[in-house]
Structures are given as structure tokens and as C-alpha cells.
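Examination of the molecular architecture
Given next are the chains, with one letter for each unit.
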Amino acid sequence: PDLKDAPAKPADAPKPVEATASAMVEGQNQFTTWVLRDISDRKRAEEQIRNLAERIALATKTAGIGIWEMDALTGQISWSNECFQLAGLSPGESIPSIETWTRLIHPDDLPRVLEQRQAWLDGTGGTLTTEYRIIRPDGETRALKFDAVLHRDQQGRTRRAMGAIFDITDYRRALADLEHAKQRAEDASIAKSRFLAAMSHELRTPLNAIIGFGDLLLASGASPQQREFIDIIKSAGTTLLKLIQDI
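A quick note: this is a predicted structure, and the numbers were derived from the prediction, not measured.

Another point: the pairing of strand 6 (residues 141-152). Pairing analysis gives nine bridges linking strand 5 (residues 127-135) to strand 6, with the strands arranged antiparallel. Within strand 6, the position partnered with Thr127 by the bridge is Val149. The loop that links strand 5 with its antiparallel partner strand 6 comprises five residues; one of these, Gly139, has a positive phi angle of about 90°. Across nine bridges, the pairing between strand 6 and strand 7 (residues 158-167) is antiparallel. If you follow Leu144 over to strand 7, its bridge partner there is Asp167. Adjacent in sequence and paired antiparallel, strand 6 and strand 7 are bridged by five residues, among which Gly156 carries a positive phi angle near 85°.

Laid out in C-alpha cells, this is it:
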């Protein structure tokens with residue numbers, strides 16, 4: 001057959017392999033045997049992990065979320081750059097540690113945070129969520145939310161801890177402003193109610209007197225024209241009294 005018109009067979013794509021060499025001696029001969037193992041699946045998994053890590057790093061950077069991790073066996077702690085930024089510290093001048101971070105916690109929040117942290121370490125739940133304030137080296141106070149999780153071995157011993165920290169200062173300020181606005185609205189409503197109650201009382205008293213005197217005048221033998229005028233006065237007073245009661 002004519003092979004000129006046959007479709008060309010695509011070349012196989014290169015594959016990553018792991019090579020293991022073993023030196024062998026057989027009599028006077030020495031030779032090397034090689035074992036090649038296809039590691040394409042492992043490389044693909046590593047690539048997926050790298051891509052995921054890059055996406056997580058981008059997300060945390062964009063959101064300003066600090067990520068920290070501690071090896072319970074060695075006590076070594078690592079912070080992401082965002083942790084340093086949240087704390088107002090420089091990565092080149094500060095060493096990540098529990099002590100460094102604890103010194104930043106607001107004195108009014110410190111006892112509670114220490115108690116929560118100890119209960120978290122001693123407990124079996126493994127997770128901790130809390131909020132507290134820190135005072136940065138420049139004197140600025142910021143509110144933070146702290147989420148952490150413990151990883152234990154089969155014997156229940158802590159092996160690793162990690163968590164996320166993010167700034168909720170603006171959120172807390174917005175809530176405070178909303179609460180203040182709500183309180184001002186409630187105070188204004190109470191003041192309005194008191195004012196209307198006072199005015200209602202002040203107006204009802206003379207109106208009741210006018211209506212009552214009108215009844216007395218009608219009973220005193222008034223002329224037809226006088227009775228007409230008195231009825232107009234009573235009708236107007238009764239209408240005003242009803243409006244006041246509706247308020």
C-alpha cells in the first residue's frame with residue numbers, strides 16, 4: 001500500500017519518570033540496571049496542589065487575611081505577610097511567636113483571650129473562634145477576628161495548630177454607628193411621645209372646660225341665636241378633642 005497518504009501518527013508527549021539505578025556485578029562483568037517509573041499522576045497532583053496554594057495565597061492577600069501555623073513538636077511558628085501587616089510589624093524586624101502576638105492584645109481583652117486559648121488547648125473540640133482588640137506599635141487600636149484549629153494524632157496529642165486572622169475594625173465601627181443611630185431614633189421617638197402626651201393634656205383641659213361651659217349655657221335658657229352659637233362652639237371643641245385623642 002501507498003503510505004504517503006496515511007495520516008501521521010502524533011508523537012507521544014514526554015512523560016516524567018523517576019529513575020533508580022543499581023550497580024550489579026556478575027563474575028567479571030559489572031553493569032548497571034535502571035528502573036523507570038512513570039510519575040505523571042504524582043506530578044499532576046503536585047501541580048494541582050501548587051495551583052490551589054497560589055489561589056489561596058491570592059485570596060488571602062486580596063482579603064487581607066493573615067494565616068499562621070505552629071508546629072507543636074518544635075514550637076516553631078510561621079506567619080504570612082498579612083499577619084505582620086495586621087499587627088503593624090515588619091517581617092525583617094519581628095520574630096513570629098506567641099509572646100510577640102500576646103503583647104499586642106489590648107489589656108482589657110487579654111484575660112479573656114488567655115482563658116479562651118487555654119480552654120482551646122486543653123479541650124477536645126479542636127476549634128477556636130474569638131474576637132479581640134490589639135494595640136499596634138504605632139498606637140492604633142484594631143479589632144480582629146481569630147479562627148484556629150488544632151490537629152491531633154491518634155493518641156490525642158497536639159501536633160499542629162493553624163488559623164486565620166482578619167481585621168473587623170470597620171465592621172465593628174459600622175455596627176457601633178448603627179447602634180448609636182438606633183439609640184438616637186429611639187430617644188427622639190420617646191421625646192416625641194412625651195411632647196405629644198404633654199400637649200394633649202394641656203389642650204384637653206381647656207377644651208373640656210369649653211365644652212362643659214357650653215352645656216351649662218345651653219341649660220341656662222339661651223336664646224335661639226345664642227344656642228346656635230353655643231352649638232358651633234361645642235361642635236368645634238368636640239372635633240378638636242377627638243383629633244387630640246387620635247394623636
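The next thing to look at is the side chain of Thr169. By the element assignment, Thr169 lies in helix 5 (residues 169-218). Of note is the side chain of Thr169, whose polar atom sits 2.6 Å from the side chain of Asp167. Residues in contact with Thr169, not counting those within four places in the same chain, are Arg142 and Ala143.

For helix 6 (residues 224-246), built from 23 residues, the straight-helix expectation of 33 Å at 1.5 Å per residue is met to within 8% by its first-to-last C-alpha distance of 33 Å. Looking only at helix 6, the buried set comprises Ile230, Gly237, Leu241 and Ile244. Tucked inside the fold, the buried residues of helix 6 contact helix 5.

Quick look at a nonpolar patch on the surface now. On the surface, Val17, Trp34 and Leu36 cluster together into a nonpolar patch covering about 360 Å² of accessible area. Among the structural elements, Trp34 can be located in strand 2 (residues 29-38). For Trp34, a relative accessible area of 58% puts it in the exposed group.

This part covers the layout of surface pockets. Its boundaries defined by the atoms lining it, the largest pocket holds a volume of some 360 Å³. In terms of lining residues, the largest pocket is bounded by 19 residues, among which Trp68, Ile98, Arg117, Trp120 and Phe146 are the most central. Residue assignment for the lining of the largest pocket shows that the elements contributing at least two residues are strand 3 (66-71), strand 4 (77-79), helix 3 (98-102), helix 4 (110-122), strand 5 and strand 7. The residue makeup of the lining of the largest pocket, split by class, is 16 nonpolar, two polar and one charged.

What follows covers the packing of aromatic side chains. Evaluated as defined, the whole model comprises four aromatic pairs. Judged by centre distance (5.4 Å) and plane angle (85°), the rings of Trp79 and Trp101 are edge-to-face. Of this pair, Trp79 sits in strand 4 while Trp101 sits in helix 3, placing them 22 residues apart in sequence. Across the pair, exposure class does not vary: Trp79 and Trp101 are buried alike. Ring geometry for Tyr132 versus Phe146: centroids 6.2 Å apart, planes at 45°, classification tilted.

Calculation rules
- Residues numbered from 1 in each chain as written.
- Predicted model: local features only at pLDDT ≥ 70, side-chain atom pairs only at ≥ 80, totals over all residues.
- Heavy atoms only, no water.
- Pairing = 2+ DSSP bridges.
- Helix = DSSP H or I, 4+ residues; strand = E, 2+ residues; numbered from the N terminus.
- Polar contact = N/O pair within 3.5 Å; in protein donor to acceptor, adjacent residues only side chain to side chain.
- Contact = heavy atoms within 4.5 Å.
- Expected span 1.5 Å × (residues − 1).
- Buried < 20%, exposed > 50% of the residue type's maximum accessible area, 1.4 Å probe, protein only.
- Patch = residues over 30% accessible without salt bridge, like charges linked within 9 Å, V, L, I, M, F, W, Y side chains within 5 Å.
- Areas by Shrake-Rupley, 256 points an atom, 1.4 Å probe, with all protein chains shown as cover.
- Salt bridge = Lys/Arg side-chain N within 4 Å of Asp/Glu carboxyl O.
- 1 Å grid on protein atoms, 1.4 Å probe; cavity = no way out; pocket = protein on both sides within 12 Å on 5 of 7 lines; lining within 4 Å.
- Points joined across faces, edges and corners; volume = space filled by probe spheres on them.
- Nonpolar A, V, L, I, M, F, W, Y, C, P; charged D, E, K, R; others polar.
- Phe/Tyr/Trp six-rings, centres within 6.5 Å; stacked < 30°, edge-to-face > 60°.

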